[in-house]
Amino acid sequence: MIDLVSVDKIIISQNSLKAFVNSVCPGAHVSMTKVNFKALDNYVIKPVGVYGSKEEIVRFLLELAAIDGSIAKQLLADSDTHVRT
């Protein structure tokens with residue numbers, strides 16, 4: 001008998017992670033293999049997972065004041081109207 005296991009994978013942009021870690025503790029993230037975790041031990045980070053439609057996620061970000069109305073409009077714009085480079 002085979003047990004099937006479902007695994008959720010979380011993909012985190014390395015550039016975003018580096019920017020976040022260094023904004024919390026400057027210099028803590030040098031490269032993918034050089035992260036000063038001991039320096040980060042002093043900080044409590046509580047990540048929040050957000051699931052839902054694009055509209056609901058944008059509404060949530062607006063409620064947190066993480067984005068403003070202008071950014072919300074851009075996020076909700078139909079992707080076909082953007083110029084591709």
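Residues numbered from 1 in each chain as written. Predicted model: local features only at pLDDT ≥ 70, side-chain atom pairs only at ≥ 80, totals over all residues. Heavy atoms only, no water.

When you look at the overall build of the protein in this model, what are you seeing that I'm missing?
Across its full length, the protein carries four helices and two strands. Each helix and strand of the protein, placed in order from N terminus to C terminus, yields the pattern α-β-β-α-α-α. Considering the protein as a whole, with its 85 residues, one finds that 11% of them fall into the buried category. Intrachain contacts of the protein at a sequence separation of at least 6 include 3% that bridge at least 24 residues. Accessible area for the protein stands at about 7800 Å²; split by element, carbon and sulfur atoms hold 59% of it. (Helix = DSSP H or I, 4+ residues; strand = E, 2+ residues; numbered from the N terminus. Buried < 20%, exposed > 50% of the residue type's maximum accessible area, 1.4 Å probe, protein only. Contact = heavy atoms within 4.5 Å. Areas by Shrake-Rupley, 256 points an atom, 1.4 Å probe, with all protein chains shown as cover.)

How should I be thinking about the pattern of salt bridges in this particular structure?
Side chains that differ in charge, positive against negative, can pair when their charged atoms come close. For the coordinates displayed, the defined rule picks out one salt bridge. Note that Glu-63 and Arg-59 form a salt bridge whose closest N and O atoms lie 2.8 Å from each other. Note that Glu-63 and Arg-59 are positioned in helix α3 (residues 54-63) at a spacing of four residues, about one turn of the helix. (Salt bridge = Lys/Arg side-chain N within 4 Å of Asp/Glu carboxyl O.)

What should I look at first to understand the side chain of His-29 in this one?
Its place among the elements puts His-29 in strand β1 (residues 29-31). A residue is classified by how much of its surface remains accessible, and His-29, at 7% relative accessible area, is buried. The residues touching His-29, leaving out its near neighbours within four places in the chain, are Lys-18, Val-21, Asn-22, Lys-34 and Val-35.

How should I be thinking about the confidence of the model for the protein in this particular structure?
Low pLDDT marks stretches whose predicted atomic positions should not be read closely. Taken as a whole, the protein shows an average pLDDT of 81; of its residues, 79% reach a score of 70 or greater. Per-residue pLDDT, averaged within each element of the protein, yields its smallest value for helix α2 (residues 37-40) (87) and its largest for helix α4 (residues 69-76) (93). (pLDDT = per-residue confidence, 0-100.)

Mind showing me how you'd approach the environment of Leu-76 here?
By the secondary structure assignment, Leu-76 is in helix α4. Its relative accessible area of 40% is what places Leu-76 among the partly exposed residues. On a C-alpha basis, the gap between Leu-76 and Glu-55 in space is 6.8 Å, while along the polypeptide they are 21 residues apart.

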